[in-house]
Amino acid sequence: MKDSENELLTCIDDLGIDRGEVITTLQAIIVNNKKRAVGNIDVQFFGRGFAYNGTYVCADSNCLKGFNIQYSKFHPDYYEFNYNEENRKLNVIGDGVDFTLQFK
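Computed from a predicted model, the values in this text were never measured in an experiment.

J.: It is not clear to me how helix α1 (residues 2-14) should be interpreted in this structure. Could you clarify?
T.: An α-helix turns once per 3.6 residues; consequently, residues spaced three or four apart project the same way. In this model, α1 (13 residues) spans 18 Å end to end at C-alpha, consistent with the 18 Å of a helix rising 1.5 Å per residue. All of the buried residues along α1 are S4, L8, L9, C11 and I12. Taken around the axis of α1, the buried residues stretch over an arc of 155°, which confines them to a single face. For α1, the exposed residues set more than 90 degrees away from the buried face come down to K2 and D3. Against the buried residues of α1 lie β2 (38-46), β3 (56-59), β5 (80-84), β6 (89-94) and β7 (97-103). G16 occupies a position one or two residues after α1 and carries a positive phi of about 75°.

So, in structure tokens, the structure goes:
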């Protein structure tokens with residue numbers, strides 16, 4: 001899913017994250033678009049320092065379960081990412097998952 005990887009990299013650049021950083025944590029508002037659960041969450045961006053995994057997004061699994069989201073790691077090879085620069089919103093869709101992260 002090359003488009004998803006490009007969308008994630010656009011998000012990272014727009015948020016001012018240094019691509020060379022191994023891990024960057026930001027606060028976001030999460031909306032589970034299926035269950036309409038909404039709240040605050042810390043999101044981690046894992047950079048290219050994890051060469052075998054590439055760049056991906058992760059959050060605390062216990063926190064995500066509170067929003068009815070089963071998984072905690074979201075990689076562009078397996079999930080569809082769409083980023084809206086104007087609203088600073090990253091949508092993640094795939095494998096029973098459909099949520100939005102809005103960055104502050």
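J.: How should the nonpolar core be read in this particular structure?
T.: When a protein is soluble and globular, its nonpolar side chains tend to lie buried together. Core analysis: the biggest nonpolar cluster contains 27 residues, and F45, F74, L90, L101 and F103 have the highest contact counts within it. Among the elements of the structure, α1, β1 (23-32), β2, β3, β5, β6 and β7 are those that each provide at least two residues to this core. F74 has contacts with Y56, V57, L64, I69, Y79, F81, V92, V97 and F99, leaving out every residue within four places of it along the chain.

J.: Is there a simple way to think about the side chain of T24 in this case?
T.: Following the sequence through the fold, T24 ends up in strand β1. With sequence-adjacent residues up to four places away left out, T24 is seen in contact with I17, V43, Q44 and F45.

J.: Explain the pattern of salt bridges here, please?
T.: Once the charged atoms of two side chains with opposite charge are near each other, the side chains can pair. Throughout the structure, instances matching the rule amount to one salt bridge. We note a salt bridge from R19 to D13, for which the minimum N-O separation is 2.6 Å.

J.: Explain the pairing of β1 to me, please; I cannot follow it from the model alone.
T.: Side chains on a regular strand alternate between the two faces of the sheet. Inspection of the sheet shows β1 paired to β2 by nine bridges, in the antiparallel sense. Its bridge partner lying in β2, V31 is registered against V38. Taken together, the five bridges between β1 and β7 define a ladder with antiparallel strand orientation. Residue pairing in the sheet places A28 in a bridge with F103 of β7.

Reading guide: rules and limits
- Residues numbered from 1 in each chain as written.
- Predicted model: local features only at pLDDT ≥ 70, side-chain atom pairs only at ≥ 80, totals over all residues.
- Heavy atoms only, no water.
- Helix = DSSP H or I, 4+ residues; strand = E, 2+ residues; numbered from the N terminus.
- Expected span 1.5 Å × (residues − 1).
- Buried < 20%, exposed > 50% of the residue type's maximum accessible area, 1.4 Å probe, protein only.
- Arc of directions from axis to C-beta.
- Contact = heavy atoms within 4.5 Å.
- Core = buried A, V, L, I, M, F, W, Y, C linked by side-chain atoms within 4.5 Å.
- Salt bridge = Lys/Arg side-chain N within 4 Å of Asp/Glu carboxyl O.
- Pairing = 2+ DSSP bridges.

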